[in-house]
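Chain by chain, the residues:
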Amino acid sequence: MKRFIIKIIVFFLIIAVIDQVGGRFLKNTDRNSQYGDAFTREYITSRCTEDVIIMGSSRGNHHYDPQIISDSLKLSCFNCAYDALGILNMYGRYLLLTRKHTPKILIYDIFAPNEIYGDKSDHLKFLDGIKQYADVPQVMEIFDDVAPMEHYKLQSRLYQYNTKLFYMFSEIKGKFIPPKLGYSALDGTMVHQPKPYSAEYTNQEPDSVKLKYMRKLIHVAQSKGTKVILCISPRYGTSPNADLDPIIKLAKEEQVPLLNHYTDKRFTTKKEYFKDSYHLNHIGATAYTKMIASEIKQLLK
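What you are looking at is a predicted structure, and each value in this text was computed from that prediction instead of being measured.

1. Some words on the side chain of Lys210
Residue position: Lys210 is located in helix H11 (residues 208–223). For Lys210, a relative accessible area of 0% gives the class buried. Within the structure, the side chain of Lys210 is placed 3.0 Å from the side chain of Asp122, a separation counted as a polar contact. Residue contacts for Lys210: discarding those within four places in its chain leaves Ile87, Pro113, Asn114, Glu115, Ile116, Tyr117, Gly118, Asp122, His123 and Phe126.

So, in structure tokens, the structure goes:
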């Protein structure tokens, strides 16, 4: 019996060593990568020094050209947004970024599924992109608040990378070039005709957790001296509806500017501006960014 217990102890010690050594190897590989999303993420969380940052999900990533904003405002700019992520992840990114640098302006692109609606089932999906920073206390606090059981899982260094291994090494093997200033332009034009869009969330309550973290981001940014500007970029074929009412109300309550072009017919009726019904292509993004930069310049006067 004694020998059996010793074997069990040795087995778990070996697992612990593999976890720690393997996790450290993956962290070192991830944080020193010169390729793709890993390089961009590490730049954002550790080396970003730009005056203006853009946050949000895919629409934030593809709709805002930092070079245009930089040329217009005479301030450096970097796009920190990322596809399929939302406020829970972006809040963590902002905390990581501001450990060493405080931007002057934060432009946040709002997308209803990622910043307003949803439920607990999608919270971990959005947090997945910051699991590897769980050793930073401010990041662990987010997990403790939103998904407490993750605290114990995240003690495993390998678990922090369990959904990233294939993509991480694919980027290195393919030598993916990081997008310039974080901005990923979309080429091509939508050829199909989407169905008319009105409201999707008429009977759905807003996600209180996401709205709470949007307020937290605004408060933390403002406390550091960052000016927060919320934006809602165009979507093809939209008509006015109540889907965005919760964020409009939040912006008023927090007294932050909201530049809402979701149903702007200068964009929403032009297929040549869109890659698909959700996303502007490079031509549309260029036109939209020029307009937004001009509006922000007026706000700064």
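2. Digging into the packing of aromatic side chains
Going through the model one piece at a time under the given rule, you end up with 8 aromatic pairs. Seen in terms of ring centroids, Phe267 and Tyr273 are 5.5 Å apart; in terms of plane orientation they differ by 40 degrees. Their pairing is tilted. Look at Phe267 and you get buried, because its relative accessible area is 4%. Classification of Tyr273 by relative accessible area gives buried; the value is 17%. Each residue in the set Tyr64, Phe267, Tyr273 and Tyr288 is aromatic and connected to the rest through ring pairs, giving one cluster. For Lys131, the ring lying beneath its charged end belongs to Tyr159, and the centroid distance is 4.1 Å. Positioned over the ring face of Tyr213 is Lys216, at 5.4 Å from the centre of the ring.

3. Looking at the state of the cysteines
Following the criterion strictly, the structure yields 0 disulfides and no others. Considering cysteine sulfurs only, Cys80 is the nearest to Cys48, which forms no disulfide, with 4.8 Å between them. Its relative accessible area of 0% is what places Cys80 among the buried residues.

4. Overview of the pairing of strand S3 (residues 105–109)
In terms of burial, S3 is a largely internal element, 5 of the 5 residues being buried. Of the two faces of S3, both are covered, the one formed by Ile105, Ile107 and Asp109 as well as the one formed by Leu106 and Tyr108. Bridge analysis of strand S1 (residues 52–55) against S3 gives 4 bridges, and the strand direction is parallel. Directly across from Val52, in S3, lies its bridge partner Ile105.

5. A word on the packing of helix H5 (residues 87–97) against H11
The relative placement of two packed helices is expressed as an angle between their axes plus a distance between the axes. Between H5 and H11, the least distance of the axes is 9 Å, while the angle of their chain directions is 20 degrees. When the axis of H5 is compared with that of H11, the two are roughly parallel. Crossing angle aside, the handedness with which H5 passes H11 is left-handed. The residues of H11 that touch H5, namely those facing Ile87, Leu88, Tyr91, Tyr94 and Leu95, are Val209, Lys210, Tyr213, Met214, Lys216, Leu217, Val220 and Ala221. Grouping the amino acids of the contact of H5 with H11 by side-chain chemistry returns 11 nonpolar, no polar and 2 charged.

6. Quick word on helix H12 (residues 245–254)
Turning to H12, its buried residues number three or more, namely Pro246, Ile247, Leu250, Ala251 and Glu254. Each buried residue of H12 lies within a common arc of 135 degrees when the element is viewed along its axis, so the set occupies one face. Along H12, the residues that are exposed and aim more than 90 degrees away from the buried face are Lys249 and Lys252. Check the buried side of H12 and you find it contacts H11, strand S4 (227–232) and strand S5 (258–260).

7. What about the pairing of S4?
Across the 6 residues of S4, 5 count as buried, placing the element largely inside the fold. Relative to S4, S3 runs parallel, the two sharing 5 bridges. Bridging across to S4, Ile105 finds its partner in Lys227. Sheet topology places S4 next to S5; 3 bridges connect them, and they run parallel. Opposite Leu230, over in S5, you have Leu258 as the bridge partner. In this region the chain leaves S4, passes through H12 and returns to the parallel neighbour S5; the handedness of that crossover is right-handed.

Each value, and the rule that gives it
Residues numbered from 1 in each chain as written. Predicted model: local features only at pLDDT ≥ 70, side-chain atom pairs only at ≥ 80, totals over all residues. Heavy atoms only, no water. Helix = DSSP H or I, 4+ residues; strand = E, 2+ residues; numbered from the N terminus. Buried < 20%, exposed > 50% of the residue type's maximum accessible area, 1.4 Å probe, protein only. Polar contact = N/O pair within 3.5 Å; in protein donor to acceptor, adjacent residues only side chain to side chain. Contact = heavy atoms within 4.5 Å. Phe/Tyr/Trp six-rings, centres within 6.5 Å; stacked < 30°, edge-to-face > 60°. Lys NZ or Arg CZ within 6 Å of the ring centre and 35° of its normal. Disulfide = S-S within 2.5 Å. Pairing = 2+ DSSP bridges. Axes fitted to C-alpha atoms, helices over the stretch in contact; angles between N-to-C directions. Parallel < 35°, antiparallel > 145°, perpendicular 65-115°, else oblique. Left-handed = near helix turned anticlockwise from the far one by under 90°. Nonpolar A, V, L, I, M, F, W, Y, C, P; charged D, E, K, R; others polar. Arc of directions from axis to C-beta. Right-handed = clockwise from strand over helix to strand, strands pointing away.

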